[in-house]
Amino acid sequence: MNRRQLLTALGGLGLTGASVAALRGDLPGTGGDESGLPMRLETLDARGSEAGETAIPVPETPTVIDLFATWCAPCKEQMNELSTVYEEYGDSVAFVSVTNERIGGTLSADDIRAWWRRHHGEWTVALDPDSDLMAALGAGGIPYLVVTDATGTIRWQDAGLTRAPDLRTELDAVLAET
């Protein structure tokens, strides 16, 4: 067996093992209640947010979870949509935006705060440098939105830019049941 055949065989075994793990629900984001939620993340002191920790989703509260990054162009547009919806639902729904960017090197907490301010963030902003939440949600990219009900059950997820009317529809459905 030559090297190429050996590598092909090993790759096939890896894919087979991953397929079995996915079917069993052992991969992040594939296991329903085994998704790793709720989890706690560090929060940043920024407008509408206090330094400390938050549970995601927020206990006993419908929650909008927004995955973003400061370098992401669609995330800037997403913030405009979220700001509009936040003004309408802010008291009855918790909003948490989470970046998986690492603070240090070329990005500082002040950089995130400045981005947050420029894009009208007024709710909790959290840090997830190891992308644990992204993995738990099975998100393959950003922006990525999730709506949970008051029990923490994921009711809706959307990859890419979500417009305010679509988010309102999902929030209204969740709030109608509470």
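(A) Examining the overall build of the protein chain more closely. Scanning the protein chain from terminus to terminus reveals 5 helices and 7 strands. Seen in sequence order, the protein chain has helices and strands lined up from the N terminus as α-β-β-β-α-β-α-β-α-β-β-α. Counting all 178 residues of the protein chain, 40% fall into the buried class. Counted over contacts in the protein chain with a minimum sequence separation of 6, partners at least 24 positions apart contribute 68%. As displayed, the protein chain offers around 9600 Å² of accessible surface, 50% of which is attributable to carbon and sulfur atoms.

(B) Local environment of the environment of Ala173. One can find Ala173 in helix 5 (residues 164–176). With 18 residues separating them along the chain, Ala173 and Arg155 place their C-alpha atoms 9.3 Å apart.

(C) View of the environment of Asp158. Summarising the element assignment, Asp158 is placed in strand 7 (residues 154–159). Once the C-alpha coordinates of Asp158 and Ile142 are considered, the two residues, 16 residues apart in sequence, prove to be 9.7 Å apart. The contacts of Asp158, once residues within four sequence positions are left out, are Pro143, Tyr144 and Leu145.

(D) Representation of the packing of aromatic side chains. Taken as a whole, this structure holds 6 aromatic pairs when the rule is applied. Aromatic ring contacts, followed pair by pair, group Phe68, Tyr86, Phe95, Trp115, Trp116 and Trp123 into a single cluster.

(E) Layout of unusual backbone geometry. Leu37 connects to Pro38 through a cis peptide bond whose omega is -5°. With respect to the secondary-structure elements, Pro38 resides in the loop between helix 1 (3–24) and strand 1 (39–43). Each neighbour pair has its own omega, and for Ile142 with Pro143 the value is -5°, a cis peptide bond. Its identity as a non-glycine residue notwithstanding, Glu60 has a phi of 60°, on the positive side. Here Glu60 is to be found in the loop between strand 2 (52–56) and strand 3 (63–68). The exposure class of Glu60 is exposed, given its relative accessible area of 73%. If you check the backbone angles, His120 has positive phi at about 65° while not being a glycine.

(F) Focus on the sheet that holds strand 6 (residues 144–148). Pairing is mixed in the open sheet, where 7 strands are placed in the order 2-1-5-4-3-6-7. Of all strands in the sheet, those bounded by a partner on one side alone are strand 2 and strand 7. Along the sheet, successive strands turn relative to each other by an average axial angle of 30°, direction set aside. With 4 bridges joining them, strand 4 (residues 94–99) and strand 5 (residues 124–127) adopt parallel strand pairing.

What counts, and where the lines are drawn
- Residues numbered from 1 in each chain as written.
- Predicted model: local features only at pLDDT ≥ 70, side-chain atom pairs only at ≥ 80, totals over all residues.
- Heavy atoms only, no water.
- Helix = DSSP H or I, 4+ residues; strand = E, 2+ residues; numbered from the N terminus.
- Buried < 20%, exposed > 50% of the residue type's maximum accessible area, 1.4 Å probe, protein only.
- Contact = heavy atoms within 4.5 Å.
- Areas by Shrake-Rupley, 256 points an atom, 1.4 Å probe, with all protein chains shown as cover.
- Phe/Tyr/Trp six-rings, centres within 6.5 Å; stacked < 30°, edge-to-face > 60°.
- Pairing = 2+ DSSP bridges.
- Axes fitted to C-alpha atoms, helices over the stretch in contact; angles between N-to-C directions.

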